[in-house]
Amino acid sequence: MLASTTSRIALQARATLAQRFYATGAGANTLLYVEHKDGAIGGATLNALTAANKLGGSVTALVAGDAPESVAKEVGKLTGVSKVLFAKDAAYANALPENVAPLLAAAQSQFGFTHLFAGHTAIGKNIFPRAAALMDVAAVSDIVDIVGEDTFVRPIYAGNAIATVKSNDKIKVVTVRGTAFEAAAASGDAASEEAAPSADKPALTQWISEEIQKSDRPDLGTAKRVISGGRGMKNGENFSLLYDLADKIGAAVGASRAAVDAGFVDNSLQVGQTGKIVAPELYVAVGISGAIQHLAGMKDSKTIVAINKDADAPIFQVADYGLVEDLFKAVPELTEKISK
Ligand SMILES: Cc1cc2nc3c(=O)[nH]c(=O)nc-3n(C[C@H](O)[C@H](O)[C@H](O)COP(=O)(O)OP(=O)(O)OC[C@H]3O[C@@H](n4cnc5c(N)ncnc54)[C@H](O)[C@@H]3O)c2cc1C
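As the structure is a prediction and not an experimental result, all values here were calculated from the model.

Reading the values: the criteria
- Residues numbered from 1 in each chain as written.
- Predicted model: local features only at pLDDT ≥ 70, side-chain atom pairs only at ≥ 80, totals over all residues.
- Heavy atoms only, no water.
- 1 Å grid on protein atoms, 1.4 Å probe; cavity = no way out; pocket = protein on both sides within 12 Å on 5 of 7 lines; lining within 4 Å.
- Points joined across faces, edges and corners; volume = space filled by probe spheres on them.
- Helix = DSSP H or I, 4+ residues; strand = E, 2+ residues; numbered from the N terminus.
- Nonpolar A, V, L, I, M, F, W, Y, C, P; charged D, E, K, R; others polar.
- Near = heavy atom within 4 Å.
- Polar contact = N/O pair within 3.5 Å; in protein donor to acceptor, adjacent residues only side chain to side chain.
- Areas by Shrake-Rupley, 256 points an atom, 1.4 Å probe, with all protein chains shown as cover.
- Sits in = over half its atoms within 2 Å of the grid points.
- Axes fitted to C-alpha atoms, helices over the stretch in contact; angles between N-to-C directions.
- Parallel < 35°, antiparallel > 145°, perpendicular 65-115°, else oblique.
- Left-handed = near helix turned anticlockwise from the far one by under 90°.
- Contact = heavy atoms within 4.5 Å.

### Brief notes about the layout of surface pockets
The calculated volume of the second largest pocket comes to roughly 280 Å³. Contributions of two or more residues to the lining of the second largest pocket are made by α7 (257–261) and α8 (292–295). Of the residues assigned to the lining of the second largest pocket, the class counts are 4 nonpolar, 12 polar and 2 charged.

Here's what the structure looks like:
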């Protein structure tokens, strides 16, 4: 009960904050770190830009990579971006923090940025604390709201309390929870471009290779609908039941850590405190008990549906609609009914 009650209080607090107008900090001079891959801007960067725009003041976007040109053009068209800094160097190809953090520090020192913003993604989480340490300031992570230029709202204790923090540091190094802000769109006007200052590239680390899980389904982090399976799925093959349902309604598929640890699905599908944070319009939890660490990743979803054969499973305390039923009966039935 505790988790659902506190989260509701937190949501109410957030709604109140959202209605309040943000301090229009004409003095804010923000650097937005742009995440990109294969020529596409990372989704969370668009949310971080909306957050940066709420601060007021100006926003400069930094695009670093071995071929940043096309991304820099795209970024320049986004609402609220007044300037684009680009850093073209093979050392920036895979966003290694050892190379990118000094670049952020050099850009800050040249342009006197008051704020540095990035999405709270694996990449943002990797680079930003290192950049904060180089600038000798405390990083502020995973913000869900902005009260003013120096005051931010962030969840703690796996989302069971909401902390409002004030930073007295001269430079605010902040990562932004993507699901808490709308994605910024293109406004059409291209911003001016300029080369970023040169910085140390200590090359302490080397990028070897990566393995990417490819799927035709929507991206888990930004999907409007998510269907997740837990230990109750019993094995990886049974996830096909969820894929069938997901494909019918254009949903992404997620999983609990138990399902990932048991090898049912890839780690990239994990939802929760140590996985992805999602807040889709519809979240369907199938065979998931609703551990506090799982709820941390999905309890801000608009509508939560739970299918579980245990009526006492904690997931039912946060579910808007719950079905106490064997999932192997309920899921195929649901898929069939939706197909009609
Ligand atoms: C530091 C830390 C970080 C963690 N981070 C995460 C995280 O990011 N994400 C995460 O998910 N977990 C995380 N966990 C793990 C978490 O505590 C739980 O262990 C995990 O979420 C449980 O997964 P589950 O609900 O799938 O499994 P279980 O808790 O075992 O629940 C399985 C559920 O399936 C139901 N079930 C079984 N068979 C059927 C059936 N045939 N039909 C219908 N229902 C059925 C059962 O009734 C049960 O409720 C973390 C734990 C720690 C300590």
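### A word on the site of the ligand
With respect to spatial proximity, 26 residues lie near the ligand, and among them Arg231, Ser256, Thr274, Ser289 and Gln293 are the closest. In the environment of the ligand, an oxygen atom lies 3.1 Å from a nitrogen or oxygen atom belonging to the backbone of Gln273. Side-chain polar atom of His294 to an oxygen atom of the ligand: 2.8 Å apart, as the coordinates give it. In the complex, the protein chains occlude 77% of the 980 Å² of accessible area that the ligand would expose alone. Judged by the fraction of its atoms near the pocket grid, the ligand is located in the second largest pocket. Grouping the amino acids of the shell around the ligand by side-chain chemistry returns 6 nonpolar, 13 polar and 7 charged.

### Here's the deal with the packing of helix α6 (residues 239–249) against helix α10 (residues 327–339)
One can describe the packing of α6 onto α10 by two numbers: an axis separation of 10 Å at closest approach and a directional angle of 25 degrees. On the basis of the axis angle, α6 is roughly parallel to α10. Remark: the crossing between α6 and α10 carries left-handed chirality. Touching Leu241, Leu242, Asp244, Leu245, Lys248 and Ile249 of α6 are Phe328, Val331, Pro332, Leu334, Thr335, Ile338 and Ser339, all from α10.

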